[in-house]
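# A look at the structure
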Protein chains: 2
Amino acid sequence: MEATTMQSLTFQRQRIETALEQGRIQDAIAILLTLHPADRADVFEELDEPERRTLLAHLDIATIADLLEEMEDEEAAETAEEIPTERLAEVLDEMEPDEAADLLGDLPPEQAAEALAEMEDADEVRPLLLYPDETAGGLMTTTYVALRRQTTAAQAIDFLRQISDRAEIPFYLFVVDKERRLVGVVDLRDLLAVSPDTVMEDIMDPDVIYVTAGTDQEEVARVMVKYDLAALPVVDAKKRLVGVITYDDIVDVLEEEATEDIYHLASVSDEDLDPESPVLEQIKGRLPWLYLNTLTALFASWVISHFEDIIAQAAVLALFQSVVAGQGGNTASQNVAMTVRAIALGKISPRALLRALWRQFVTGLMLGVLVGVVVGIGVYFWRGNLYLSLVLALALIGNLSVGSIVGVLVPLALEAVGIDPALASSILVTAVTDASGFFIFLTLAAHFLSKIMGA
Amino acid sequence: MEATTMQSLTFQRQRIETALEQGRIQDAIAILLTLHPADRADVFEELDEPERRTLLAHLDIATIADLLEEMEDEEAAETAEEIPTERLAEVLDEMEPDEAADLLGDLPPEQAAEALAEMEDADEVRPLLLYPDETAGGLMTTTYVALRRQTTAAQAIDFLRQISDRAEIPFYLFVVDKERRLVGVVDLRDLLAVSPDTVMEDIMDPDVIYVTAGTDQEEVARVMVKYDLAALPVVDAKKRLVGVITYDDIVDVLEEEATEDIYHLASVSDEDLDPESPVLEQIKGRLPWLYLNTLTALFASWVISHFEDIIAQAAVLALFQSVVAGQGGNTASQNVAMTVRAIALGKISPRALLRALWRQFVTGLMLGVLVGVVVGIGVYFWRGNLYLSLVLALALIGNLSVGSIVGVLVPLALEAVGIDPALASSILVTAVTDASGFFIFLTLAAHFLSKIMGA
């Protein structure tokens, strides 16, 4: 089938709503079940509270498990809270252990404890609860296949056939020694290509790339992307295999990390916020950064205050001071974005650093000249004062050069001292370009004050 | 092995450089070959021009092919340009068809044509050259396995064994009818679990999700992420199978799209730029947006010009006008980031729109009060003028409310009319918050002018 469009999903949702209104619950369920599980979650999330509750009461355990796996974390938790504990335990048993662990982590602690106590497969899930969400341990699943060096291909295939009715066969199998220490990886496709009596030791790749359970998810993603891995084994401090991370988890991590960078660059510190988030959460994630920004803005006001009597004599300066400060800030923001992204993608090398700085200085200078000259000419036609235009052009050249340099230097320096460059750069950089913009422009203007007055 | 660290790669690079300096070329190659192909590319990219050339002349075809596949697109093209055409053709034959097509697309047209003419597997690559880079056709590979409905599991496994020494066995096999139209997909793992005489028709999933060759890569990524697909078949207008996209290509797309959004939000329109890019390219990708920004800044100057005589009477206003404009802009930027991201991740639903707008209005108002009161009190202690503080606080409340609303409305409106919200929002939104900030503050100030003068 062609991938579903938003329109067709809206249509299906309306059909379900109509069926529910008319009390035809089984019809509503039938429509829902014709959809792909991912689409079911989309439709379900759009239904009203009472409609969801009706459906939940009538769906079977496996379908609810699928639904919760596909839903956004927060929505899944809200939905799970509505399910009676006993039934929830059955649903959790049906879910993939890593998904079940994530859901349990998002539930109120008492409900999570009760559900866990009633679960049959609690042992698969419990170890996963020990690791923070954003580490390799929090991403991994405990359902993997570990074989021994002397296992033959025939035995391995036989084993896979046995588990195939209750679990998905993985694309990669791991080989461990008698202490469960990871010693190799076997590609399922190689299993197919060899004779049945070949032992794992002969077809495994002993140079298996792994991470430890505490590794940060950003590093996990970097490793999997760099080495094009579909599955990455996770080991404990003694190199014993404890879980496996699969490529689909990495996609989520990449999206999370991109969201984080985009939000941080715009001074939003809570990555879970979206335009619909409750007001109080929004204020919590945004106000601290607005206060910090305000502080730097007031610092810029203080810089201007030294030129108050000059502005009183030539109020025209108040018209253009922000142009100089603002364009320096825009130039800097361009560089901050490029530098933060280069850091995130591991594309900036120490060797290239000096070259980058030099190029940004030249770029800033040239952008300054190109913007400065055009603004100077434009303002000359507007106000007819050559000195005002000259001061404006020079100040733009100066401040765009400053902006270009700090736009690269600040994120690199923050990264070097271990502060997230995406979150702190914008504020620091704007503080510099505002202050320097006002200072350069008003200092130059003070110098030519008599020629500018009355412009 | 544990994932390699930057430090250990630097060490290996230095060993290679030393070996090359001392003329021990085979030693240098030996060190390079101990590394994972992805790490080799990292090390190679950091070497100097002459060092690279020496290595290239001595590496074997297969190693060069691996190297080019792992390198960044631009660096790979630069490297390939150095290779004599005949040798390059052999390297291209050794590469995956989709990677070879990408590389050919980045080479100077004459060199690409010559290399293609000398290639043995040109037929696998040529069709891929027809599709733009950023479409499904540009992402797909032509090396896939297509079977017929009546093929048995034993025949399929036999076929896979035969191809396994010259190509990688794929995780998913596709089933086509006699017109090569896609009719189903078979998971390699299911092939293992069934009896040898089972036919494909019985184990295939007929509800296979596909895209057409012209589909934009952003949509391709959305589909693969949503449905957790490791491989997505690509069909032509007649539903004939023409290629397959694998999950590793999607990771690159996701990173590209995130880079694009981050750059666009910062008014950088060329996603290939990085801090090291040549000056002229930087200016091309950045200057147009700075000019546009300058235009809106001058519009704001024009707004201020209507209050010039008021500023002449109370120059203190020039100190604080930018605080009002700037904080409105910051609030708006926070909302632009959240809204653009929600659009990109498909997280904004028409149903939730009104709720989002209302919440953002309340949030903006409350942020305005919280910032306004603090700034008002702070400025009172600094300047000791109650009316100045009052005007400042009221203007902040007004402008943060405006900023919050336009920060959601503008990107949504741009998206609705088909303009990239990431690229155009920042400029439009800043134009509004600057103009409204200056206008609200100076209008209020004009009203209380006699009380503010001499502050």
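Above this text is the structure in question.
Each value, and the rule that gives it
- Residues numbered from 1 in each chain as written.
- Chains lettered and ligands numbered in written order.
- Predicted model: local features only at pLDDT ≥ 70, side-chain atom pairs only at ≥ 80, totals over all residues.
- Least-squares fit on C-alpha atoms with pLDDT ≥ 70 in both.
- Contact = placed C-beta atoms within 7 Å.
- Helix = DSSP H or I, 4+ residues; strand = E, 2+ residues; numbered from the N terminus.
- Buried ≥ 20, exposed ≤ 12 C-beta atoms within 10 Å, placed from the backbone.
- Nonpolar A, V, L, I, M, F, W, Y, C, P; charged D, E, K, R; others polar.
- Pairing = 2+ DSSP bridges.
- Right-handed = clockwise from strand over helix to strand, strands pointing away.

The next subject is the relation of the copies chain A and chain B. Between chain A and chain B, which share one sequence, the superposing operator has a rotation angle of 180° and an axial displacement of 0.0 Å; the RMSD is 0.1 Å. Between the two chains, the operation in question is that of a two-fold axis. Across chain A, the smallest distance between a C-alpha and the rotation axis is recorded for A:Ala312, namely 2.4 Å. Taken as a fraction of all interface residues of chain A, those also at the interface in chain B reach 99%, which identifies the copy contact as same-surface.

Attention shifts here to the environment of A:Ser436. All names here are of chain A. Of note, serine 436 is situated in helix α22 (residues 421-447). Considering only alpha carbons, one finds serine 436 and valine 324, 112 residues apart in sequence, at a separation of 9.1 Å. Not counting the four nearest positions on each side in its chain, serine 436 is found in contact with Gly328, Asn399 and Val402.

This brings us to helix α8 (residues 97-106) of chain A. All names here are of chain A. Of all 10 residues in α8, 8 are buried, a share of seventy percent or more. All of the buried residues in α8 are Pro97, Asp98, Glu99, Ala100, Ala101, Asp102, Leu103 and Leu104. Those residues of α8 hidden inside the fold are in contact with α5 (61-70), α6 (73-81), α7 (85-94), α9 (109-118) and α10 (122-125).

With that settled, consider the interface of chain A and chain B. With 101 residues of chain A at the interface, the matching set in chain B holds 101 residues. Ranked by residues supplied to the side of chain A that touches chain B, first place goes to helix α19 (residues 317-344) of chain A with 19 residues. The residue inventory of the side of chain A that touches chain B, partitioned by class, reads 60 nonpolar, 22 polar and 19 charged.

Bringing the pairing of strand β6 (residues 241-246) of chain B into the picture now. Consecutive side chains along a regular strand alternate between the two faces of the sheet. Residue and element names in this part refer to chain B. In terms of residue burial, β6 counts as a mostly covered element, since 6 of its 6 residues are buried. Pairing between strand β5 (residues 231-235) and β6: 5 bridges, direction antiparallel. Residue pairing in the sheet places valine 234 in a bridge with glycine 243 of β6. Count of turn residues in the β5/β6 antiparallel hairpin: 5 residues, of which lysine 239 carries a positive phi of about 65°.

Take unusual backbone geometry next. Of all residues except glycine, most have a negative phi; of all peptide bonds, most are trans. A positive phi angle, close to 60°, is found at A:Ser267, a residue other than glycine. Positive phi is not limited to glycine here, since B:Lys239 has a value of about 65°. You can see B:Lys239 is positioned in the loop between β5 and β6.

The next thing to look at is the pairing of strand β5 (residues 231-235) of chain A. Residues and elements named next belong to chain A. With 4 of its 5 residues buried, β5 lies for the most part within the structure. Alignment of strand β4 (residues 211-212) against β5, held across 2 bridges, turns out to be parallel. If you follow threonine 212 over to β5, its bridge partner there is valine 235. Handedness of the crossover joining β4 and β5 through helix α15 (residues 217-226) is recorded here as right-handed.

All names here are of chain B. Its place among the elements puts valine 208 in the loop between α14 (200-203) and β4 (211-212). The class for valine 208 is buried, based on 20 C-beta atoms found within 10 Å. Residues valine 208 and leucine 232 lie 24 residues apart in sequence; the distance between their C-alpha atoms is 8.7 Å. In this view, valine 208 contacts Leu182, Gly184, Val185 and Pro233; residues no more than four positions away in its chain are not counted.

All names here are of chain B. Within the secondary structure layout, serine 269 lies in the loop between α16 (247-265) and α17 (279-305). Through-space distance from the C-alpha of serine 269 to that of arginine 286 is 6.7 Å; in sequence the pair is 17 residues apart. Other than its neighbours up to four places away in sequence, serine 269 contacts His264, Gly285, Pro288, Trp289 and Leu423.

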